Amino acid sequence: MTPLLAVRDLTMRFGGLVAIDSVSFDVRPAAITALIGPNGAGKTTLFNCATGFYRPSSGRLLLQTGADKPIDLARLAGYRIAQLGVARTFQNIRLFPKMTVLENLLVAQHTALMRASFFSIAGLLGLPSYRRAEAAAIDKARYWLDRAGLTSRANDAADSLPYGEQRRLEIIRALCTDPRLLCLDEPAAGLNPRESAELAALLRSIVAEHGLAILLIEHDMSVVMGISDHIAVLDYGRKIAEGTPAEIRDNHAVVAAYLGEPEAEVA
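Residues numbered from 1 in each chain as written. Predicted model: local features only at pLDDT ≥ 70, side-chain atom pairs only at ≥ 80, totals over all residues. Heavy atoms only, no water.

Student: Describe in detail the environment of threonine 33, supporting the description with residues and values.
Tutor: You can see threonine 33 is positioned in strand E3 (residues 32–36). Each C-alpha atom, one on threonine 33 and one on leucine 215, is 4.9 Å from the other, the two residues being 182 residues apart in sequence. Residue contacts for threonine 33: discarding those within four places in its chain leaves Phe25, Asp26, Val27, Arg28, Ile214, Leu215, Leu216 and His230. (Helix = DSSP H or I, 4+ residues; strand = E, 2+ residues; numbered from the N terminus. Contact = heavy atoms within 4.5 Å.)

Encoded structure:
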């Protein structure tokens, strides 16, 4: 199967520090790929390269877009990567706290609305083309609110939501951009077991119904092992293992990395 995103020999240096060292793995379409490893392994740095916050020192990030050849994200500005259908969330929630839940989802559709308004002219004049685009944006927002169980909170300020609901809001805000690849940075961080299970079910259903790919960083191994189709493991910036959840669970190098013991001793 052709990967949606092919990470090839990706390296990121900060002066003399090598944060990512020649890492390669595939993100498959319509599947959940998890990127795991101890703190400081380079996971968020790789996310920042894939989403345009950093430009990698070397290597390629080849995204399939339906064109004849894949596009190398490593050579693009961040806004161009977003335009190609790559969206992300952050470890620390970054909502617009004083906007309503619905307004947060409409802001995510700003580019489409601005295009429909001819950069405000049609919007100011209330032309039918803009009203149709606005209605479509609201319908999309309502759809994702319903999927996330947040319909009753649509008119509440985002910062009034409990933490778990804010997490779900951030995810569906990213989904309102219609991504082909959704990058989630520790979406279960701070959630209790019930909230983590609900989030896992939501993500699996989204992949099954909409066919998008998810690249996931997560420390909650119950979530990772429960929803991932494929897992890549980093340690000190290097990939040390890759495979199915069952293969990763039994991998001696992975156990050694997490326990901080020599691999031979663990084996």
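That covers the picture; the talk isn't over yet.
Student: Describe the packing of aromatic side chains, and please don't skip the residues or the numbers.
Tutor: The geometry of two aromatic rings is summed up by the distance between their centres and the angle between their planes. Considering all chains together, one arrives at three aromatic pairs under this definition. Between phenylalanine 14 and tyrosine 54, the ring centres sit 5.3 Å apart and the planes meet at 75 degrees, which makes this aromatic pair edge-to-face. Residue phenylalanine 14 is located in strand E1 (residues 5–14), and its partner tyrosine 54 is located in the loop between helix H1 (43–50) and strand E4 (58–63); the two are separated by 40 residues in the primary sequence. A relative accessible area of 35% means that phenylalanine 14 is categorised as partly exposed. Arranged with centres 4.9 Å apart and planes meeting at 75 degrees, the rings of tyrosine 143 and tryptophan 144 form a pair that is edge-to-face. (Phe/Tyr/Trp six-rings, centres within 6.5 Å; stacked < 30°, edge-to-face > 60°. Buried < 20%, exposed > 50% of the residue type's maximum accessible area, 1.4 Å probe, protein only.)

Student: How would you explain the nonpolar core if you had to name every residue and give the values?
Tutor: Side chains of nonpolar character tend, in soluble globular proteins, to be buried together. Ranked by internal contacts, the top residues of the largest apolar core, which has 43 residues, are Leu145, Leu169, Ile172, Leu175, Leu182, Leu203 and Ile214. When residues of this core are assigned to their parent elements, the largest contribution, six residues, is made by helix H8 (residues 193–210). With 30 residues, the next largest nonpolar core counts Val7, Met12, Cys183 and Ala213 among its residues. (Core = buried A, V, L, I, M, F, W, Y, C linked by side-chain atoms within 4.5 Å.)

Student: How would you summarise helix H7 (residues 163–175) if you had to cite specific residues and measurements?
Tutor: An ideal rise of 1.5 Å per residue puts 18 Å on 13 residues; H7 measures up with 19 Å between its terminal C-alpha atoms. Counting buried positions over the 13 residues of H7 gives 12, a clear majority of the element. Taken together, the buried positions of H7 are Gly164, Glu165, Gln166, Arg167, Arg168, Leu169, Glu170, Ile171, Ile172, Arg173, Ala174 and Leu175. (Expected span 1.5 Å × (residues − 1).)

Student: Give a description of unusual backbone geometry that names residues and reports values.
Tutor: The residue aspartate 9 is not glycine, and still its phi comes out positive at about 50 degrees. With respect to the secondary-structure elements, aspartate 9 resides in strand E1. Positioned with a positive phi, aspartate 178 is a non-glycine residue whose angle comes to about 55 degrees. If you trace the backbone, aspartate 178 turns up in the loop between H7 and strand E7 (181–185).

Student: Just give me the short version of the side chain of aspartate 185, but keep the residues and values in it.
Tutor: Tracing the backbone shows aspartate 185 in strand E7. Residue classification places aspartate 185 among the buried residues on the basis of a relative accessible area of 2%. Beyond its immediate stretch of four places on either side in the chain, aspartate 185 contacts Thr44, Phe47, Arg88, Thr89, Phe90, Gln91, Arg167 and Ile217.

Student: Break down the packing of H7 against H8 for me, citing the residues and quoting the values.
Tutor: Viewed as axis vectors pointing N to C, H7 and H8 meet at an angle of 15 degrees, and their least axial separation amounts to 11 Å. Taken together, the axis directions place H7 and H8 in an arrangement best described as roughly parallel. Where H7 crosses over H8, the two elements pack in a sense that is right-handed. Within the contact between the two elements, H7 uses Gly164, Arg168, Ile171 and Leu175 and H8 uses Glu195, Glu198, Leu199, Leu202, Leu203 and Ile206. Residues belonging to the contact of H7 with H8 are distributed by class as follows: six nonpolar, one polar and three charged. (Axes fitted to C-alpha atoms, helices over the stretch in contact; angles between N-to-C directions. Parallel < 35°, antiparallel > 145°, perpendicular 65-115°, else oblique. Left-handed = near helix turned anticlockwise from the far one by under 90°. Nonpolar A, V, L, I, M, F, W, Y, C, P; charged D, E, K, R; others polar.)

Student: Please provide a residue-by-residue account of the pattern of salt bridges, values included.
Tutor: The full count for this structure, using the stated rule, is 11 salt bridges. Notably, a salt bridge pairs lysine 140 with aspartate 178, separated by 2.6 Å at the nearest N-O pair. Taken together, the residues lysine 140 in helix H6 (residues 128–147) and aspartate 178 in the loop between H7 and E7 connect sequence positions 38 residues apart. The exposure class assigned to aspartate 178 is exposed, which follows from its relative accessible area of 52%. One salt bridge in this structure joins arginine 194 and glutamate 198, with 3.0 Å as the shortest N-O distance. In this pair, arginine 194 and glutamate 198 are both assigned in helix H8, four residues apart and thus about one turn of the helix distant. Among the residues examined, arginine 194 registers a relative accessible area of 51% and is labelled exposed. Note on glutamate 198: relative accessible area 37%, which makes it partly exposed. (Salt bridge = Lys/Arg side-chain N within 4 Å of Asp/Glu carboxyl O.)

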